[in-house]
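The chain contents come next:
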Amino acid sequence: MPNLTVGRDGGVAKLTWSEADNGGSAVTNYSIFRGTVSGGEVFLASSGTAASYNDATADANTTYFYRVSATNTVGTSCGSNEVKSVPIGESQCTGLQEVIDPTGDQKSAPGNADLDVTEVRVADNVISGKEKISFKLRVANLGTLLPNRQWRVIWNYPVPCAVCDPVTPGGTPFTGSYYVGMNTDSSATPVVSFEYGTVTTVEAVPANTAAPNKIGAADAESSVNQVTGIITIVVSADKVANPKVGDVVGSLVGRTFAGNGNSTLLSSSSTDTTSSTGAQDPFTGKAYRLVGNAACVTAPPPTPTPSPTPTPTPTPTPTPTPTPTAVFQFNSTTYAVQEAVTAVNVTVIRGGVTSTTAAVDVGSADATAKQKGDYTYVIAHLVFAPNETQKTFQVLISDDGYTEGTESATLLLQNPTNGTLGSPNAATLQIIDNTPETNSNPIDISRTFVGQHYHDFLYRDGDLQGQDFWTNNIESCGANAQCRQVKRIDTSTAFFLSIEFKETGYFLIRAHKAAFGNDKTVPRYTVFLRDQREIADGVIVGQGNWQDQLNTNKQNYLVDFVTRPEFTSKPSFAPGVSAATYVDALFANSGATPTTAERNAAISAYGSGDTAGRAAALKSVIEGGSVFNKLYNDAFVLMQYYGYLRRNPDDAPDNNFSGYDFWLAKLNSFSQPGEDMRDDSQAFNRAKRAEMVRAFLESVEYRERFFGRSTGNQFAPPDEGAMTRIIKGVMRFAFFGDVG
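The shown structure was predicted, so the numbers you read here are calculated from the model rather than taken from an experiment.

Student: Mind showing me how you'd approach helix α2 (residues 464-475) here?
Tutor: Residues that lie three or four places apart on an α-helix share one face, since the helix turns once every 3.6 residues. The terminal C-alpha atoms of α2 lie 16 Å apart, and with 12 residues this matches the ideal 16 Å at 1.5 Å per residue to within 8%. Every buried residue belonging to α2 is among Gly466, Gln467, Thr471, Asn473 and Ile474, and all of these are buried. Looking straight down α2, one finds its buried side chains confined to an arc of 150 degrees; they lie on one side. Of the exposed residues in α2, the ones pointing more than 90 degrees away from its buried face are Leu464, Gln465 and Phe469. Its buried side turned inward, α2 meets α1 (446-458) and α3 (481-497).

Student: How should I be thinking about the pattern of salt bridges in this particular structure?
Tutor: One side chain can pair with another of opposite charge once the charged atoms of both are near each other. The final tally for this structure, using the stated rule, is 40 salt bridges. Between arginine 447 and aspartate 468 there is a salt bridge; the shortest N-O distance is 2.4 Å. You can see arginine 447 sitting in helix α1 and its partner aspartate 468 sitting in helix α2, a full 21 residues away along the chain. Residue class for arginine 447 comes out partly exposed when judged on its relative accessible area of 35%. When the shortest N-O distance is used, the salt bridge between arginine 564 and glutamate 534 registers 3.7 Å.

Student: Help me understand the sheet that holds strand β25 (residues 390-397), please; the structure alone is not making it clear to me.
Tutor: The pairing of strands in a sheet comes from backbone hydrogen bonds and takes either a parallel or an antiparallel form. If you walk across this open sheet you meet the 4 strands as β25-β22-β20-β27, and the pairing is mixed. The sheet is open, and its two edges are formed by β25 and β27 (419-421), each paired on a single side. Adjacent strand axes in the sheet meet at a mean angle of 30 degrees when their direction is disregarded.

Student: Can you walk me through the state of the cysteines in this structure?
Tutor: Think of a disulfide as a covalent bridge from one cysteine sulfur atom to another cysteine sulfur atom. Counting across every chain of the model gives 1 disulfide. There is a disulfide in this structure between cysteine 477 and cysteine 483, and the S-S distance comes to 1.9 Å. Taking the sign of the torsion about the S-S bond as the criterion, the disulfide between cysteine 477 and cysteine 483, at about -60 degrees, is left-handed.

How each quantity is defined
- Residues numbered from 1 in each chain as written.
- Predicted model: local features only at pLDDT ≥ 70, side-chain atom pairs only at ≥ 80, totals over all residues.
- Heavy atoms only, no water.
- Helix = DSSP H or I, 4+ residues; strand = E, 2+ residues; numbered from the N terminus.
- Expected span 1.5 Å × (residues − 1).
- Buried < 20%, exposed > 50% of the residue type's maximum accessible area, 1.4 Å probe, protein only.
- Arc of directions from axis to C-beta.
- Contact = heavy atoms within 4.5 Å.
- Salt bridge = Lys/Arg side-chain N within 4 Å of Asp/Glu carboxyl O.
- Pairing = 2+ DSSP bridges.
- Axes fitted to C-alpha atoms, helices over the stretch in contact; angles between N-to-C directions.
- Disulfide = S-S within 2.5 Å.

Below is the structure:
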């Protein structure tokens, strides 16, 4: 039975254990179990034969209980000792969030937003071999630095060890209150300074209760970021009673002052203050235990300082005040998930200014994990409405039969609109191999097959009701191989014909082709994924108010689409063109000949040509029967590559469009005059006659995504140029590839 120990570093619980007594048979796998109550652990992950595991899915504010069991050919052990894991700190440069304070509660609000405390964070890092504590105080608006201001973070160090869990033998008793702070002086162009000191007279700490006792200047890493409103004050531990790893900085309070900051630091004189109620308990979220992290590699923003020797000029040019913006960052540096047909949730947080509409793009880059068989490319455009502070999206994970160990990919925030990137703006996706692997292709398992279709065609994890329906549809055949083959083909075809796909994936294909022409390269694979996520967000057909959500998503998507530079730069779509010019160009690009009624409806929808009118006209064009049927076969073939093969038609191994041309010619040859692909039964019969779905399902390339390839599923990325541009953070339209 393994003997388990657990260390905690904020959102990561670090488990290690002694090797189990294997009874003469080598351990083949360790299983990790986690729960939020003692005795309530459930399976979390497997570590293979490794005697350690980092749980990166732990919530930074939750206490967990862990145990580990070992498995070999003899059987599975009864489990290790149970270990309680309490959140006590983290290593991220952003620090552990300790205090949140309402906005607009400062005295004389709303005029002095620079003194409106909204958040306090704490971290500790080893910098140049020295333990340092970083305090971050966020205020509502630092767009302008005014004179005679003081910002303070106050704390008690250390709290009695009796409140610690576990108790720290020999812990230092309470010795007093300290503070760190930033000041501006009384000059017209305020000079910023950072300091630290004591506040109260308790035991050996020298201080005067009527005035703060400044000891000295804070460390050089201290800074202020006027854009984000974050003040960072760093002080060496040996300057403030030398707390060690395991000691607790308690009773954290943020305060701000206007006027002479040397008068007092009492809360009665403050412009804004946060409560310290219950803060002596280190696990209430208002105290911080030092964890001895490695040096934080993120460089602090520069501190604004006056020119030491200003040169007067006859006509001085005023410097514009930096405009506060939104700040985007991931809520974690690592997202770990056990390999399966599943999904892991990733959250992007918006800080800074939250009262405006802002947006940021998310992309992924392959590392040891590859999008073709391990996960689905992440391409997203996240739009934050006013007062919306976070967005959560799914990263879709695939199951394969390859023995690969833990694999990883990189998630990236890029191209902020009306905002900037905070830290972390890159995160690691970890996929933990399931062991032991199967000896056959997982895609032959009905539930895996169905779940993968949700990923490949609807760009979401499957809902239980839908997965059960389609899985049972196949399993109803029992052991009848021919019946199962037919059911698999019919199930696969149904995904392309589903309302959800037609109103998301096929909808956006028609929009792109109407805008940029019915070329084989329109839209590219990564572009398709990006826009599909935008339209499909929150939509599960048959659940909740899915129709309203879908209509809202489509409307928002089209409004965004017709304002994109790559669209408006086309002469026929430039702002101010006539309705007829705009509408006729959309039909011409699609290659469709509209009926008189379709053309008139689109021109009427155009109206005055404002954004709403341009979006309405585009919607009218692509939802009409002429465009729907004209582009149907082209889109169907394109989706065989995007859905089954997860690549562009001209990517390796083809390297040209010969395969695409072959399948399009075949599908065209099985099309009959007068067919309307808006009729599901007619669309189903056309696909069945052409046998295209069967051909792709049984292709070697599709099946080797999951099993049977001698080199595993380590395929090259599908659009190397586009992904390189994403990683380099180029302009947003890089997502759209070659649009002609």
